Amino acid sequence: MASLVQLRHPTQGRRTGLVEGERLRLLLGVASAYQLAQAALSERCSLADCAVARADAETLDYDPIHRGESEWRLLPPFDHPEEPARCLVTGTGLTHKKSAQSRQAMHEAAAARGPVKAAIEQPPLTDSMRMYQWGLEGGRPAAGTIGVAPEWFYKGCGTVVRAHLEPLEVPPFARDGGEEAEIAGVYLIDLRGTPRRVGLVQANEFSDHQTEQLNYLYLAPSKLRTCAIGPELILDADFRNVRGIARIVRNGKTIWSREIASGEENMSHTVANLEHHHFKYPAHRRPGDAHIHFFGADAFSFGDGIQLADGDAMEIEFAGFGKSLVNPVTIDRAPEKWFSAAGI
């Protein structure tokens, strides 16, 4: 397994490192994974070979950095280093059965509270479960053919992406915040407008489930929150059957944990089908743009009735995806501000 990290030092600036067990080997003349990917395209070599060719003799002890006990700080393992707005952060849900069932339960509860419940016949399945079933029926087409379209959502641009140990924020206008442990694909659009998969990352998609629970049409704004990826960019991941664990730690004690699964064997869509339906839009194929696309969650603590509190730590670890991704929750309890557009 080849993987990269991005780091920053208060005096040495930004660097990229190749993970070698418990050491990080810094790369010469490479400040970002984005820059390395551009070089690999230009030199027509694999990203891993391009990284090895730039490996320096200098190495760093990985564990203290991962624990936050070093002057070196981990950054998200991929970004657009010059223009964060040119990194599009998106995703798809309803690709894993457990999360689809949780969404089904949320939306059933919202319908049951509705004022017109007595006037309508409750359908046997919500739209969420229907979309999951459509994926089971048509989300795994033969290679090179187009399958059924998945759910798609927008999270923001690169400014919403956080690194390992950085907090994920619940803003004053939000009702909630909750982890969603996922794998995300990282992409770069080359000069010809062709999407290039740079690698995969473990990720915390983070979402406002209470807002979504009010009405499933609030799904779009419930996704407009910060998220986290990393700490490592995996260049040659085996994504057939990925097992992991997600946990919530409060005051040093684990209050919730679940074994989780991802990978194509556990999904209703192939990665190729998800990628086609994301990159079929011309606006998603602008040369030089970066993309982070979430592949969907298996389970999340909100589905088990857990409400996160300020200071809780969300921990995600998928086998084969490097060290764990840990992010604390920060809840902004300030009064919600009024925003208006001023004239020119």
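No experiment lies behind these values; they were computed from the predicted model shown. (Residues numbered from 1 in each chain as written. Predicted model: local features only at pLDDT ≥ 70, side-chain atom pairs only at ≥ 80, totals over all residues. Heavy atoms only, no water.)

**Focus: the overall build of the chain**
Stage number 1. From N to C terminus, the chain includes eight helices and 18 strands.
Stage number 2. Its C-alpha radius of gyration of 20 Å places the chain within 12% of the 20 Å reference for a compact globule of 344 residues.
Stage number 3. For the chain, the proportion of its 344 residues judged to be buried stands at 53%.
Stage number 4. The contacts in the chain between residues at least 6 apart in sequence include a share of 74% that link residues at least 24 apart.
Stage number 5. Surface summary for the chain: the accessible area is close to 16,100 Å², and the carbon and sulfur share equals 52%. (Helix = DSSP H or I, 4+ residues; strand = E, 2+ residues; numbered from the N terminus. Rg over C-alpha atoms; globule rule 2.2 N^0.38 Å. Buried < 20%, exposed > 50% of the residue type's maximum accessible area, 1.4 Å probe, protein only. Contact = heavy atoms within 4.5 Å. Areas by Shrake-Rupley, 256 points an atom, 1.4 Å probe, with all protein chains shown as cover.)

**With respect to the packing of aromatic side chains**
Stage number 1. On inspection of all chains with the given rule, the structure shows four aromatic pairs.
Stage number 2. Their ring planes at 70 degrees and their centres at 5.1 Å tell us that Tyr 187 and Phe 279 sit as a pair that is edge-to-face. Taken together, the positions of Tyr 187 in strand 10 (residues 181–189) and Phe 279 in helix 8 (residues 271–279) put the pair 92 residues apart, joining distant regions of the chain.
Stage number 3. Each ring, one from Phe 318 and one from Phe 321, has its centre 6.5 Å from the other, and the planes form 65 degrees; the classification is edge-to-face. Assigned by exposure class, Phe 318 and Phe 321 land together as buried.
Stage number 4. Between Lys 323 and the ring centre of Tyr 62, over which it is positioned, the NZ or CZ distance is 5.1 Å. (Phe/Tyr/Trp six-rings, centres within 6.5 Å; stacked < 30°, edge-to-face > 60°. Lys NZ or Arg CZ within 6 Å of the ring centre and 35° of its normal.)

**Some thoughts on helix 5 (residues 127–138)**
Stage number 1. The terminal C-alpha atoms of helix 5, which comprises 12 residues, lie 16 Å apart, in line with the 16 Å expected from a rise of 1.5 Å per residue.
Stage number 2. For helix 5, the complete set of buried residues consists of Ser 128, Met 129, Tyr 132 and Gly 135. The buried residues of helix 5 occupy an angular sector of 110 degrees when the element is viewed end-on, so they sit on one face. (Expected span 1.5 Å × (residues − 1). Arc of directions from axis to C-beta.)

**A closer look at the environment of Tyr 62**
Stage number 1. Inspection of the secondary structure puts Tyr 62 in helix 3 (residues 62–67).
Stage number 2. The exposure class of Tyr 62 is buried, given its relative accessible area of 1%.
Stage number 3. With 250 residues separating them in the primary sequence, Tyr 62 and Asp 312 have C-alpha atoms 24 Å apart.

**A short note on the sheet that holds strand 18 (residues 325–331)**
Stage number 1. Taken together, the five strands give an open sheet; going across it, the order is 9-18-17-14-15, and neighbouring strands pair in mixed fashion. Looking at the sheet topology across the chains shown, the edges are occupied by strand 9 (168–170) and strand 15 (253–262). Each adjacent strand pair in this sheet contributes to an overall mean axis angle of 20 degrees, direction not counted.
Stage number 2. Relative to strand 17 (residues 313–318), strand 14 (residues 242–250) runs antiparallel, the two being bridged by six bridges. In the strand pairing of strand 17, Ala 246 is matched with Ile 316. (Pairing = 2+ DSSP bridges. Axes fitted to C-alpha atoms, helices over the stretch in contact; angles between N-to-C directions.)

**Some points on a nonpolar patch on the surface**
Stage number 1. A contiguous nonpolar patch, built from Trp 152, Tyr 154 and Leu 224 and spanning about 290 Å² of accessible area, is present on the exposed surface.
Stage number 2. Along the chain, Leu 224 falls in the loop between helix 7 (219–222) and strand 12 (227–229).
Stage number 3. A relative accessible area of 41% places Leu 224 in the partly exposed class. (Patch = residues over 30% accessible without salt bridge, like charges linked within 9 Å, V, L, I, M, F, W, Y side chains within 5 Å. Salt bridge = Lys/Arg side-chain N within 4 Å of Asp/Glu carboxyl O.)

**Focus on the pairing of strand 18**
Stage number 1. Of all the seven residues making up strand 18, five are buried; the element is thus mostly covered by neighbouring parts of the structure.
Stage number 2. As paired elements, strand 17 and strand 18 share four bridges and run antiparallel to each other. If you follow Ile 316 over to strand 18, its bridge partner there is Leu 325.
Stage number 3. Hairpin connection from strand 17 to strand 18: six residues lie between these consecutive antiparallel strands, with Gly 320 at a positive phi of about 85 degrees.

**Topic: the pairing of strand 15**
Stage number 1. In this sheet, strand 15 lies alongside strand 14 in antiparallel orientation, the contact comprising nine bridges. In the sheet register, Ala 246 faces strand 15, and the bridge partner there is Arg 258.
Stage number 2. With antiparallel pairing between neighbouring strands as the criterion, strand 14 and strand 15 make up a hairpin whose turn holds two residues, including Asn 251 at a positive phi of roughly 55 degrees.

**Overview of helix 1 (residues 33–43)**
Note that an α-helix has 3.6 residues per turn; residues three or four places apart therefore point the same way.
Stage number 1. Along helix 1, the residues classified as buried are Ala 33, Tyr 34, Leu 36, Ala 37, Ala 39 and Ala 40.
Stage number 2. A positive backbone phi angle near 55 degrees is found at Arg 44, which sits one or two residues after helix 1.

**Notes on unusual backbone geometry**
Stage number 1. Residue Pro 231 follows Gly 230 across a cis peptide bond; omega there is 5 degrees.
Stage number 2. Along the chain, the position of Pro 231 falls in the loop between strand 12 and strand 13 (233–234).
Stage number 3. Located in the positive-phi region is Arg 44, a residue other than glycine, with phi close to 55 degrees.
Stage number 4. Looking at where Arg 44 falls in the secondary structure, it is placed in the loop between helix 1 and helix 2 (47–53).
Stage number 5. For Leu 94, which is not a glycine, the phi torsion comes out positive at approximately 60 degrees.

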